[in-house]
Structures are given as C-alpha cells and as structure tokens.
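Here's the letter readout for the chains.
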Amino acid sequence: MPTKHIFVTGGVASSLGKGIISSSIGKLLQARGYNVTIQKLDPYINIDPGTLNPYEHGECFVTQDGAETDLDLGHYERFLDVPTSHANSVTTGKVYQEVISKERRGDYLGKTVQVIPHITDEIKRRILMLGNRNKVDVVITEIGGTVGDIESLPYIEVVRQLRYELGSGQVAVVHLTLVPYLSAAGELKTKPTQHSVKMLLENGVQPDVLVLRTEKKLSEGIRRKVALFCNVDKDSVVESVDVSTIYEVPLLMLDQKLDETLLKKLNLESDRKPDLNNWREFIYKLYNPKRQVSVVLVGKYVELPDAYKSIIEAFIHAGVKNDCKVNVTRIHATDLSEENVEDKLKIFQGIMVAPGFGERGFEGKILAARYAREHNIPFFGVCLGMQVAVVEFARNVMKMKDAHSTEMEHATQHPVIDLMEQQKGITEKGGTMRLGAYPCKLVKDSKVYTAYNRNEISERHRHRYEFNNFYLGEFEKAGMKAVGINPETGLVEIIEIPTHKWYVGTQFHPEYSSTVLHPHPLFTGFVKAALG
Ligand code: GLN
C-alpha cells in the first residue's frame, strides 16, 4: 500500500494547537493498527531552533539521533510513543541550505533556481522520503505558521502539488481554525474561519476536514453553516473545545469520528476498532489522583511554560504513575537570595533545578541545590541543574570556595565543570553541542539503578560542559558519587548523594523520553521520593 499523507494547516491565529491535533490524529490511527509518523515543517530560516532563545520559540526538543527540533516533536513522541528523528523536522533554512549547496555543486547547471520548482521539489522530496524510509502507512505533516503568512506559501503550494501528483484518496488536508465567542453578542463567529478557508482556496487547496477551536460547544446550525460556506461535509466539521488536559483531545476527536472521516478520505479500511484502553486508564487516573505533591522548578525562563514543556509533561506522566497530582511551581532563579531561599522553598516536597545556559540565575540555582541538600529534600538537577549541584557541593562541602563551571567563570581555580574535550576546537554555534542519545552504565547500588532497574541506559544530551573527572576521587570521598558513566568516554552522566533521601543530577535530559504510556523512571522516582 502506498503511504498516505495527512496535512495539518492552521488559520486565523497561531497557538491553536496544531501539534496536539496532529498528535491526536496520529494516536487514533495508531490505535487502529496503522503505522504512523508525524513531521513538522517550520517556515523560519533558522536551520533548527537550537539557536533560538526559548522565549522566542519555547523549548528546543532533542531527538535520539541528535536533532534540535521544535517542541511539537515532543508531543508527537509523548502521544505515539515512537521516536522521531532528524527526518521529522524540516525548516525553510534546511530546505534552502540543501538547494543552495546543490546549485553550487552544479546539479542545476544552466537553470535558474527558483522557489517553484526547486524549493518546492526539495520540500516534497523530504515529505515523501519520510514515508518511504520508515515504511509507514500514514505520514502526518504539520505545517507551522498560519495560512496567509508569506513564508508558509511554498509549503501550501506543496500540498496542492502533492494532492494532484499522488492522486485521489492519497492526501487529506485538515485545517484548524478558531471560532471566537463574542460575549457582547453572545455568539460564536464563523467568519474568520470562512476567510481562512478562502485563503487556502486561493492557493489551490480545499481542506477536507475543518477542526474548529472553540471555548463553547458548536451548535448543529454552526456546523451546517461552516460546512456550507467552506465546501466540506457536515461530518467533516469537528470541534476542538478547550479541555483541561491535552491528553483528552484524541478522545474528543474519536467521539466525533475524526479518524473514521479521515480513513474514508484516504480509502483506508476503518472497521478495525481503536484500542485506547491504556490511554483511557491514564486519563482516568489523571482526573482522579489519590494524593497531591508540590515541587518547585527553579529556572530562568519561568514566565513561559513552553520553555520547559517536556519537563512539565514528564511530571504529569510521573504523577499518574504515582497516583498523584504533581503541582509544579516555577520560580525564577534570580528571585532567590540567601535571605529568602528558606521562605520560598520550604513549602515544597521536591526541588528541581532546570537545564539552561549562561550565568544569569546561576547563583540562585546554587542556593536551591544547597537548600535541598542541607534539608534532605528530594532534589533533581537536569543538565545545568546537575552542574549546579556539583559546583554547590564543591563550594560548600569540599570547601573549594571559588569552584565553578568554566561556562560561567573561565578563570576559576577549581573548574569542577569544564568544557568537553571534543568541544574545544568548535567555534560554530548551530548543531555543535553534544547532542542525542548516548549509552550510560549505572552503578548497581544507587537510587538511579533502583529507578531504572537496568545496568545500561540510553539518554539524550544537549550540552558542551561536563563534570571534570580530575576531581572525581575527591567528590566521591566527600560523599557525592558518580553513579552513571558513559562506557566509551568515561564522562560522568549521573551524580548522587547516597546519604540523602533522593539527590540526583543527570547530565542528560530525561524529560525528552517520558511518554504517556512510559513515564520516565527518574521523574517517577523523584515524585515518589517527594511523596515520602
Ligand atoms: N550550559 C550547560 C552546558 O552547555 C548545560 C546545558 C543544558 O542545561 N542543556 O553544558
């Protein structure tokens, strides 16, 4: 069977949840036994979001094979429980880079290189390759941005061309729009949706399904009106009403038979019943926690929840696993001082120090790590958070007063965290960190071994600095142990204080691999420790 394609576009406004709709469609098709993969096409010119400030674009998600990608790939993985890769993330930057290097090689010799056909051909090549490479039944392609943006035009053109080239029954287009509620009029308004569909039509694309994001339920009348004015069947008008958890969206879509509608459009058999028992059980537990626990996330981009998306989601998964609700409070590291740290942190049962870069907030994070260590409060440091724990321990337990990471203080006498050897010659910023999954051997008698219940693990990284092995002996003597080591390079990937209730720091990012059906063992372990 040739791979089928579903495109998800958005109109009217950004942030309507295209990533969640794409993931939900993927989940429903997967639950019917189809092999699905989801990719994101991002219209910006950066090669990847690795060089973007999280304030601009939220978290940078990292795949197993080391791609720095849009945070929507995190949703795809959390919903489908299938890893994504470099090939699932396309940006205008990557597309142009490829076309320009072909031009320099002489591949187009004699021709004028243009958006159509050269850029669009390169986009199509990537979309089709993803289907062939992974032998998937359905490729879902989410197109970033909003219809009508200048920069997303080539992508919409690609949808038009593919529908024509692949023929009928091979491509379906789902368009997500907003139906605003005007309280003064007491009415839901469909005009923005009509305009948005018109704009798609101007570019030659008739959507097959409309998903309408709305605060209030849609009446039959509204569905009929939208269907009539946007040339879709009434069954193909689906509402996406605000819900308290994104994980409920697949079930809402299922109730409205979105999966069946799409299968029909794609000439796929729809009599296999979807198996969503595990998923439903997860939602039930999410809504019916037996206990609560409060943890604090000390970070730097705390105003923007998207900046720590995978961490926040990993806590939701770990909460369900522990039959509890995890309340996560985000605190700005720069708001912590010697004077207030106790007041601010004493109400929490667990303390996490977030990943990050640069000096801002570093000392506040040190205070948080120290408070957790001295008060025997479960502590979890991720990436920079682990490095902070190491520096804090060196300064306050090992009495190396000026211990530091050379990322923050180049001239420190005690560079307990230092630039990795392989990073030393690197000057370019994009895609040059230690990225992606690496193996790690665990020390048997440790908290992390208990959590994973395995000798060897594989986890994803994104960093340039690391624990300085020159000091390892002294740390172990003083009571901080290396309990996870990369078997090839000897890099310290996990530290622990065995005498503490639960004090763990990981150089890798466990949050990237937590999914609904497989909560991450370290998040689960941390939450369990916080519950006491
Ligand atoms: N800035 C640190 C490093 O590069 C930590 C990175 C991170 O937290 N992702 O090593």
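Keep in mind it's a predicted model, so treat the numbers as computed, not measured.

### Describing the site of the ligand
Stage number 1. By nearness alone, every residue bordering the ligand is listed as Pro355, Gly356, Phe357, Cys383, Leu384, Gln387, Glu407, Arg462, His463, Arg464, Tyr465 and His509.
Stage number 2. The separation between a nitrogen atom of the ligand and a polar side-chain atom of Glu407 is 2.7 Å.
Stage number 3. Between the ligand and Arg464, the relevant distance is 3.0 Å, taken from an oxygen atom to a main-chain nitrogen or oxygen of the residue.
Stage number 4. Taken by itself the ligand offers 300 Å² of open surface, and the protein chains cover 99% of this.
Stage number 5. If you list the elements that add at least two residues to the shell around the ligand, you get helix 15 (384–396) and strand 19 (456–463).
Stage number 6. Classifying every residue of the shell around the ligand by side-chain character gives 5 nonpolar, 4 polar and 3 charged.

### Some details on the nonpolar core
Stage number 1. Ile6 and Ile25 are the most contacted members of the largest nonpolar core, which totals 45 residues.
Stage number 2. Element by element, the count of residues in this core is highest for helix 1 (residues 18–31), at 6 residues.
Stage number 3. Apart from the residues lying within four places of it in its own chain, the contact partners of Ile25 are Ile6, Val8, Ile140, Val174, Leu258 and Leu262.

### A short note on the side chain of Glu392
Stage number 1. By secondary structure assignment, the location of Glu392 is in helix 15.
Stage number 2. Discounting residues that sit within four places of it in the chain, Glu392 has contacts with Ile366, Ala369, Arg370, Arg373, Val397 and Tyr503.

### Structural notes on the sheet that holds strand 22 (residues 492–496)
Stage number 1. The 9 strands lie next to each other as 13-12-14-15-23-22-21-18-19, forming an open sheet whose pairing is mixed. Here the strands that pair on one side only, and so sit at the sheet edges, are strand 13 (324–332) and strand 19. When the angles between neighbouring strand axes are averaged without regard to direction, this sheet yields 30°.
Stage number 2. Judged from the 4 bridges that link them, strand 21 (residues 481–485) and strand 22 form a sheet pairing that is antiparallel. Its bridge partner lying in strand 22, Lys481 is registered against Glu496.
Stage number 3. Packed on one face of the sheet, helix 12 (residues 309–321) meets strand 12 (291–299), strand 13 and strand 14 (350–353) and runs near 155° to strand 13.
Stage number 4. Most of the contacts of helix 15 go to strand 15 (residues 379–382), to which it runs at about 115°, and overall it touches strand 14, strand 15, strand 22 and strand 23 (503–506).

### A look at helix 3 (residues 72–80)
Stage number 1. By the criterion of burial, helix 3 is predominantly enclosed, with 9 of the 9 residues buried.
Stage number 2. A positive backbone phi angle near 65° is found at Asp81, which sits one or two residues after helix 3.

### What about the sheet that holds strand 20 (residues 465–467)?
Paired through their backbone hydrogen bonds, the strands of a sheet run either parallel or antiparallel.
Stage number 1. Pairing within the open sheet is mixed, and its 3 strands lie in the order 16-17-20. Single-partner strands in this sheet number two, and they are strand 16 (404–405) and strand 20.
Stage number 2. For strand 16 and strand 17 (residues 415–419), the ladder comprises 2 bridges, and the chain directions are parallel. What sits directly across from Ser405, in strand 17, is Ile417.
Stage number 3. The sheet contacts of helix 15 involve strand 16, strand 17 and strand 20, and relative to strand 17 the element is tilted by about 150°.

### Describing the pattern of salt bridges
Stage number 1. In the structure shown here, the tally under the stated rule is 35 salt bridges.
Stage number 2. With its nearest N and O atoms 2.9 Å apart, the salt bridge here joins Glu77 to Arg460. Residue Glu77 is found in helix 3, and its partner Arg460 is found in strand 19; the two are separated by 383 residues along the sequence. Residue Glu77 shares its accessibility class with Arg460, and that shared class is buried.
Stage number 3. In this structure, the salt-bridge partner of Lys124 is Asp121, at a minimum N-O distance of 3.6 Å. In this pair, Lys124 and Asp121 are both assigned in helix 5 (residues 115–134), 3 residues apart and thus about one turn of the helix distant.

### As for the pairing of strand 10 (residues 209–214)
Stage number 1. Of all 6 residues that make up strand 10, 5 are buried, and the element is covered over most of its length.
Stage number 2. The pairing of strand 7 (residues 171–178) with strand 10 spans 5 bridges and is classified as parallel. Bridge pairing in strand 10 places Thr177 opposite Leu212.
Stage number 3. Taken together, strand 10, helix 8 (residues 220–230) and strand 11 (residues 237–241) constitute a β-α-β crossover, and its handedness is right-handed.

### Some thoughts on the packing of helix 11 (residues 277–287) against helix 12
Stage number 1. It is at 9 Å that the axes of helix 11 and helix 12 come closest, and there the two elements cross at 90°. By the criterion of interaxial angle, the relationship of helix 11 to helix 12 is roughly perpendicular. Side by side, helix 11 and helix 12 meet where Phe282, Lys285 and Leu286 of the first sit next to Ile316, His317 and Val320 of the second.
Stage number 2. The residue inventory of the contact of helix 11 with helix 12, partitioned by class, reads 4 nonpolar, 1 polar and 1 charged.

### Some thoughts on the packing of aromatic side chains
Stage number 1. Here the structure, examined in full by the defined rule, presents 17 aromatic pairs.
Stage number 2. Seen from their ring centres, Phe315 and Phe523 are 5.1 Å apart, and the 85° between their planes marks the pair as edge-to-face. Of this pair, Phe315 sits in helix 12 while Phe523 sits in helix 18 (residues 521–531); the two residues are 208 residues apart in sequence, bridging distant segments of the chain.
Stage number 3. Looking at Phe523, the relative accessible area reads 0%, which means it is buried.
Stage number 4. Each member of the aromatic cluster is reached from another via a ring pair, and the members are Phe315, Phe380, Trp502, Phe523 and Phe526.
Stage number 5. Residue placement shows Lys216 over the ring face of Tyr181; its charged tip is 4.5 Å from the ring centre.

### A closer look at the environment of Leu254
Stage number 1. By secondary structure assignment, the location of Leu254 is in helix 9 (residues 249–255).
Stage number 2. Leu254 gets classed as buried once you look at its relative accessible area, which sits at 16%.
Stage number 3. Sequence-distant contacts of Leu254, that is, excluding residues within four places in its chain, are made with Leu28, Asp259, Pro274, Leu276 and Arg280.

The rules we used
- Residues numbered from 1 in each chain as written.
- Predicted model: local features only at pLDDT ≥ 70, side-chain atom pairs only at ≥ 80, totals over all residues.
- Heavy atoms only, no water.
- Near = heavy atom within 4 Å.
- Polar contact = N/O pair within 3.5 Å; in protein donor to acceptor, adjacent residues only side chain to side chain.
- Areas by Shrake-Rupley, 256 points an atom, 1.4 Å probe, with all protein chains shown as cover.
- Helix = DSSP H or I, 4+ residues; strand = E, 2+ residues; numbered from the N terminus.
- Nonpolar A, V, L, I, M, F, W, Y, C, P; charged D, E, K, R; others polar.
- Core = buried A, V, L, I, M, F, W, Y, C linked by side-chain atoms within 4.5 Å.
- Buried < 20%, exposed > 50% of the residue type's maximum accessible area, 1.4 Å probe, protein only.
- Contact = heavy atoms within 4.5 Å.
- Pairing = 2+ DSSP bridges.
- Axes fitted to C-alpha atoms, helices over the stretch in contact; angles between N-to-C directions.
- Salt bridge = Lys/Arg side-chain N within 4 Å of Asp/Glu carboxyl O.
- Right-handed = clockwise from strand over helix to strand, strands pointing away.
- Parallel < 35°, antiparallel > 145°, perpendicular 65-115°, else oblique.
- Phe/Tyr/Trp six-rings, centres within 6.5 Å; stacked < 30°, edge-to-face > 60°.
- Lys NZ or Arg CZ within 6 Å of the ring centre and 35° of its normal.

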